[in-house]
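# Observations on the three-dimensional arrangement
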Amino acid sequence: MWDYCGHSLEVARLRGASYADVRVMHLRQRDLTTKSGRVGTLGQSESIGLGIRVVAHGAWGFASTDKLTREGVAACAAQAVAIAKSSALAKKEDVQMVPEGTYVDSWQGPCLKDPFEIPLETQLDLLLAADAAMRSVRGVTLSETDMQFRKIDTWFASSSGSKIHQRRFISGCGMVATVFKDDAIQKRSYPNSFGGQHVLGGYELIESLDLLQHAPRVGEEAIALHSAPQCPEKAGTLILGGSQLGLQIHESIGHPIELDRVLGQEANFAGTSFLTLDKLHHLRYASPIVNVVADARIAHGPGLGSFAYDDEGVPAQCIDVIKDGEFHGYLSSRETAHLIGLPRSGGTMRTEGWNRLPMIRMTNVSILPGPWTLENLIADTEDGILMDTNRSWSIDDRRYQFQFSTEIAWEIKGGKKTRMLKNPSYSGITTEFWNSCDAICNADHWVLWGTPNCGKGQPMQVMGTGHGAAPARFRNVRFGTAFSKQ
Amino acid sequence: MSPRKHTQSTKRTGAPATTLRPEREVHRVAASVLRLAKERGVPETEVHIEESIQALTRFANNAIHQHVAEHGLIVSIRTAVDGRTARVTTNRVEEDALRAALEDSLSLASHQPRDSGLLPMPSKQRYRAVHRFHAATAALTADERARAVKKACQLAEREGQVAAGIFSSGQSQSVLVNSRGLSAAYRQTQATFSITMQQGSAASWAKANAGDVRDIDPAELAKTASEKAVRAVNPMELAPGRFSVILESAAVLDLVGFLFYDFAATAVADKRSCLSGRLGKPVFGKNITIADDAYHSEQLGAPFDGEGIPRQRVMLVDRGVVKNLVYSRRSAKQAGTKTTGHGFVLPNEYGEAPLNLVVSGGSTSIEKMIAATDRGLLVTRLWYIREVDPYEKIMTGMTRDGLFLIENGKIAHAVRNFRFNQSVLEMLRNVECLGPACRAAGEEASEMVVPPMKVRDFHFSEVTKF
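Parameters at a glance
- Numbering of residues starts from 1 in every chain and runs along the sequence as written.
- Chain letters start at A and ligand numbers start at 1, both assigned in the order the entries are written.
- With pLDDT at 70 or above as the cut-off, local features in this predicted model cover only qualifying residues; side-chain atom pairs require 80 or more to be listed or tallied, and sums for whole chains, interfaces and linings still use all residues.
- In this description, any two residues whose backbone-derived C-beta atoms lie within 7 Å of each other are considered to be in contact.
- Numbering of helices and strands starts at the N terminus; helices are DSSP runs of H or I of at least 4 residues and strands are runs of E of at least 2.
- Think of it as three bins: nonpolar holds Ala, Val, Leu, Ile, Met, Phe, Trp, Tyr, Cys and Pro, charged holds Asp, Glu, Lys and Arg, and polar takes everything else, Gly as well.
- Pairs of strands are assigned from DSSP output, requiring at least two bridges between the strands.
- An automatic or database domain assignment is the source of the domain bounds shown.
- One fewer than the residue count of a helix, multiplied by 1.5 Å, yields its expected span.
- Counting other C-beta atoms within 10 Å of each residue's C-beta, where C-beta atoms are placed from the backbone, gives the exposure class: buried for 20 or more, exposed for 12 or fewer, partly exposed between.
- Directions are taken from the helix axis to each C-beta atom, and the arc is the one they span.
- Angles here are taken between N-to-C directions and fall from 0 to 180 degrees, while the axes themselves are lines fitted to C-alpha atoms, restricted in helices to the stretch in contact.
- For classification, angles of less than 35 degrees are called roughly parallel, those exceeding 145 degrees roughly antiparallel, those between 65 and 115 degrees roughly perpendicular, and all remaining angles oblique.
- Two helices crossing with the near one rotated counterclockwise from the far one by less than a right angle form a left-handed crossing, whereas a clockwise rotation gives a right-handed crossing.

Turning to the interface of chain A and chain B, a few remarks are in order. With 68 residues of chain A in contact, the opposing surface of chain B contributes 76 residues. Sorting elements by how many residues they give to the side of chain A that touches chain B places strand β2 (residues 38-56) of chain A first, with twelve residues. For the side of chain A that touches chain B, a count of residues per class yields 26 nonpolar, 30 polar and twelve charged. Here four bridges tie strand β3 (residues 59-65) of chain A to strand β2 (residues 63-81) of chain B, and the two strands are oriented parallel to one another. Bridge pairing in β2 of chain B places S64 of chain A opposite E70 of chain B.

The subject of this paragraph is the domain arrangement of chain B. Residue and element names in this part refer to chain B. Taken domain by domain, chain B consists of domain 1 (23-223) and domain 2 (235-466). Computed over C-alpha atoms, the centres of domain 1 and domain 2 are 25 Å apart. On the domain 2 side, the residues contacting the 34 residues of domain 1 number 26 residues. Elements that contribute at least two residues to the side of domain 1 that touches domain 2 include exactly β3 (84-90), β4 (162-178), β5 (183-199) and β6 (202-210). With eight residues, β6 is the largest single contributor of residues to the side of domain 1 that touches domain 2.

Residues and elements named next belong to chain B. Between its terminal C-alpha atoms helix α1 (residues 23-40) stretches 26 Å, which fits the 26 Å expected from 18 residues at 1.5 Å a residue. Of all the positions in α1, only V26, A30, V33 and A37 are classed as buried. Looking straight down α1, one finds its buried side chains confined to an arc of 50°; they lie on one side. Opposite the buried face of α1, by more than 90 degrees, sit the exposed residues R24, E25, R28, K38 and E39.

So, about unusual backbone geometry. For residues besides glycine, phi is generally negative; the peptide bonds are generally trans as well. For the peptide bond that leads from Y190 of chain A to P191 of chain A, omega is -10°, which places it in the cis range. Among the secondary structure elements, P191 of chain A is positioned in the loop between β7 (184-190) and β8 (197-200). Omega for the peptide link from L346 of chain B to P347 of chain B comes to -5°, which places this bond in the cis form. Locating P347 of chain B in the fold gives a position in the loop between α8 (329-335) and β11 (357-359). Positive phi outside glycine occurs at N476 of chain A, with the angle close to 55°. Note that N476 of chain A resides in strand β23 (residues 472-479).

Attention shifts here to helix α6 (residues 249-256) of chain B. Most of α6 of chain B is tucked away: eight of the eight residues are buried. For α6 of chain B, every residue scored as buried is listed here: S249, A250, A251, V252, L253, D254, L255 and V256 of chain B.

So, on to the packing of α1 of chain B against helix α2 (residues 95-110) of chain B. Residues and elements named next belong to chain B. It is at 10 Å that the axes of α1 and α2 come closest, and there the two elements cross at 55°. As judged from the angle between their axes, α1 and α2 are oblique. Handedness of the crossing formed by α1 with α2: right-handed. Touching S32, V33, L36, A37 and R40 of α1 are E95, L98, R99 and L102, all from α2. Class assignment of the residues belonging to the contact of α1 with α2 gives a composition of five nonpolar, one polar and three charged.

A few words now on the sheet that holds strand β12 (residues 326-327) of chain A. All names here are of chain A. Taken together, four strands build an open sheet; the order of strands is β12-β11-β10-β15 and the sheet is antiparallel. Each having just a single partner strand, β12 and β15 (365-367) make up the two edges of the open sheet. The sheet contact formed by strand β11 (residues 318-323) and β12 spans two bridges and is antiparallel. Following the sheet pairing, K323 is matched in β12 by E326. The strands that helix α6 (residues 242-254) touches are β10 (292-295), β11 and β15; relative to β15, the one it contacts most, it runs at about 120°.

Shown next as structure tokens:
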């Protein structure tokens, strides 16, 4: 692989590139699903190729190829340089990049049990047993399970002399029970909705989830939701479960802090951000108890945003995003860092695959734990609603106004979790919501959730991001507008 | 945007467009997999090869900031042995790699329970010809896209605006064969131009997608977005509530597009479709007729499904009444009917879906809709649409890039963006008039043929800050 990397960099240089970096990536994936007692998807894929990014005539070009021969990668490098020269037809100024060190390294992410070495029967038997356990609850009309495993090898080299190999295993698993009854559909998922939990790691994740223990409860709650009262439309106290808080962080903190959005580079598709540059160090983003970091280091945990180096060869870092409630930092790249006066990139450039350009992406954007136990937090709440497990999510293109709905909720009265509520939803304005946070649960409740399906860019790239979160409480939140008839 | 005459320059400079492999070469790869499978004694084998060449010029802040090209080919092999099937996909075409993929497919297939509902692979089929490969699109160069982008950026600068968007072009081919003699092939080209014009904190947007790049006029789209951005400044805040709305075709597409899977027979059988229990009933207004038609002149896509079955035109909704669903071979057998050629590649748990929706239009132009509106809102596009309630099909999302108050038959003022929570079923019962149907391009749904609509009592629940 290093030969292909080196040859393409040399061709790019000879064709006139002033800078180039190249990624050879080998991606392997296995997907398993079941539905109501039978195997649904059963597939495996591999993809290997090379993508090269160059600066020529002061502008960017990128090309990719699956022809891994010296001729193939040379043609690809030449095409990237020609594209860069076309880009220069409509440039404003030459590309500038903050300096970065040169690294020669090899790194492998955590993986105790290679999921591709676990017998397929073992994996399918577990899924089919969980599927059956959900359907053992009378009234469940649809049961579904899924597992997904990925093994990603990346060989990165740059014209500055870096040569970095990284290997990452990603594992994910989940299940959902759906109940259609009386002209309504309700569903419950475990351990999270939309594919479950995903981490940087191996089959040990699957074994830790104990699907069979949770499957009957999932089915029973999906049934019970049909007879639960509707979540009221009012303002009140909200306690969010950890996985939902993780998605709240993703949408209302993670995306607004992407510097490419702030600078207008995503204006046509993903949108921009209310976090204009004047707000850096000048915005009270959240209440003083809120501390949020973007931490790509493996020390933060085995998150989907954990790595040793980003896809432009910058070492993983921890960035303070919100410190004691104040807005403290953006996600940046080598090209954007200097625009906010940073001497160095924050190391957040990531690519979906060999045929995609690296772009600024969330790493692990996590809220740091507070002092509360969940039991004490509920006991401290006189009147509120506890919502858990996302059902829908939406936010405007500058990341101000959001609305989330969850699968399930429980009323809290007099410090006790009482009756179940169906169709829960809440909405608000980002900074108002985060400034209303008055309690965060402790490290015992903190989980590094994986969001495997974050879409951004043109052409679209799907990226996994991590979000450490513990249950937290918010005051004076608006409930129930998703089902309002007004 | 109306199509324009095919007068685009044929001058070719800059990075040359690459070309797809000859179809016979792709067939040779497929044949070699079938040969390996036969030698191995595999009872049934399906080979699906997809080759794609795509390029995209992306701009923001009145300059190109990303500019990419890719060329890839994948070989997807499905084997079936004694009621067991699995798929393995690789992008390596040397014989050793194909043999390894074949073995992996056999291994995956063999390590699962037998599926009594798995059907034998289909035999040879006859396909209706479609011609969706346009040389002008395939030959478009990086320089040509860059020059069109530069003109759009120059317009933005002249108007004191900031442009962002994309100009993409690409070509692809698909070859599907199986060991029972089925052989299908398809080629298409596709181009997209999308532009956002920002004026201060206001913005507007225009987008078009076509098989033939000469049907896209980037300068006209830039002009449309630019003029609308001027009108979008200083938005006033209105209280949320129910409004008469005129939805431009992109907004209609992105909402109605969420209905497509509800017409799948498998979704209805699984009781997760909003049409469960509603077949044969007047679910929509009498002015709503929806078909799935892969052969419509403004559609793109192959004339066969994931198993190689010819796609049929299916009347889904006739004057408000849900008439038909679409079927794969498996769901058709379970329902005691015939496949409509809408199956996904196997194995999968979702079955099938209509991918070429055509919503019949009317004759009322957007201008006439505005003129006939005492008070209402004109909606350019919608954003971040998600399902709130699957059976009532309540969708939430935001307006974006151009929301305007209509008063006394005229556009009166820009309005701050709203969040909506609206049942699509209810919306399609409240359509007052329709414009001509056209190939619409949005961001949430794939391109389809839909009309602009005037809808009463559209529910906006909250307002945002801009």
